[in-house]
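# Breakdown of the fold
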Amino acid sequence: MSSVGLVLVGDELLAGRVKDLNTGFLCERLWQLGSPATLVSILPDDLGEIASTVKVFSQKFDWVMTVGGLGPTHDDVTVEAVAQAFDDQLVHSERMYQDLCKMYGKANEGIRRMSRIPQKATLLEAPSFPQVQVDNVFIMPGTPGFLVKRFEAIAHFFASETMAYLETSVHIEESELAFGIQQIAKAFPDVKIGSYPSRDERGQFVKLSVEAESDTLAKQAFGQIQELIESHQTTN
């Protein structure tokens, strides 16, 4: 199982002017592929802040994705920040330039600016224009439509053994099961146990889930949860 850090970039995200649609998609797909997101950070359009975060993430996680900040304007600094994180410099990529000109149907200075990549970068095949990779960092666009298609082009990098996952829902208030769940969590430190209260037309209910790399451990922990529920239902 690989660890993945996500670095989302944009003043507009922090101000709430643009709704983040990318994190949910990426986290779901990464989990499906067996490499769940470990940490997500949302940063302003600040060159130094992005560079320092990418540097830390690249050392801490197996893979990193930056999302956003790839446009032609002055505040699109993600590519430069990634180069800075790896003590690199930006160079013009003629391949990127030609593909972007073809995609936009025009050539101008803005497109030329978007064609700069870190000198150490690798260009991968992807829809419309090449995907930029620097070491263990993928530089992704922030536009959801572009991101979805481009992620699928690199999804194989994240393919790993999928996690074992089981869940159940029961109409019992979460607080009544909390102590028992805590004891099960202590007994199975390598199992992630989730508890998510909600309400429907029948009243309060809680969804309980277990997640583990080991199918055996997941089933054992889930069995304990089922016993806890049955015990509560018997005594109430």
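Just so you know, these numbers come straight off a predicted model, no measurement behind them. (Residues numbered from 1 in each chain as written. Predicted model: local features only at pLDDT ≥ 70, side-chain atom pairs only at ≥ 80, totals over all residues. Heavy atoms only, no water.)

Our next topic: helix H9 (residues 215-235). Between the first and last C-alpha of H9 there are 31 Å, a value that for 21 residues agrees with the 30 Å anticipated at 1.5 Å per step. On its buried face, H9 is in contact with strand S9 (164-170), helix H8 (174-187), strand S10 (192-200) and strand S11 (203-212). (Helix = DSSP H or I, 4+ residues; strand = E, 2+ residues; numbered from the N terminus. Expected span 1.5 Å × (residues − 1). Contact = heavy atoms within 4.5 Å.)

The subject of this paragraph is the pattern of salt bridges. The final tally for this structure, using the stated rule, is 4 salt bridges. As a salt-bridge pair, Arg95 and Glu125 come within 2.8 Å of each other at their nearest N and O atoms. Here Arg95, found in helix H5 (residues 94-104), pairs with Glu125, found in the loop between strand S6 (122-124) and strand S7 (131-134); they are 30 residues apart in sequence, far enough to count as distant. A salt bridge links Lys219 to Asp215, with the nearest nitrogen and oxygen atoms 3.2 Å apart. Here Asp215 and Lys219 lie together in helix H9, a separation of 4 residues that amounts to about one turn. Exposure remark for Asp215: the relative accessible area of 42% places this residue in the partly exposed category. (Salt bridge = Lys/Arg side-chain N within 4 Å of Asp/Glu carboxyl O. Buried < 20%, exposed > 50% of the residue type's maximum accessible area, 1.4 Å probe, protein only.)

One pass over the full model with this rule turns up 10 aromatic pairs. With a centroid separation of 5.8 Å and an interplanar angle of 85°, the aromatic rings of Phe25 and Phe151 are classed as edge-to-face. Placement of Phe25 in helix H2 (residues 22-33) and of Phe151 in helix H7 (residues 144-154) is noted, with a sequence separation of 126 residues between them. Exposure remark for Phe151: the relative accessible area of 0% places this residue in the buried category. A network of ring pairs unites the aromatic residues Phe25, Trp63, Phe138, Phe151, Phe157 and Phe158 as a single cluster. Note that Arg112 overlies the ring of Tyr97, its terminal NZ or CZ placed 4.4 Å from the centroid. In this arrangement the basic side chain of Arg150 is found over the ring face of Phe129, its NZ or CZ atom lying 3.8 Å from the centre. (Phe/Tyr/Trp six-rings, centres within 6.5 Å; stacked < 30°, edge-to-face > 60°. Lys NZ or Arg CZ within 6 Å of the ring centre and 35° of its normal.)

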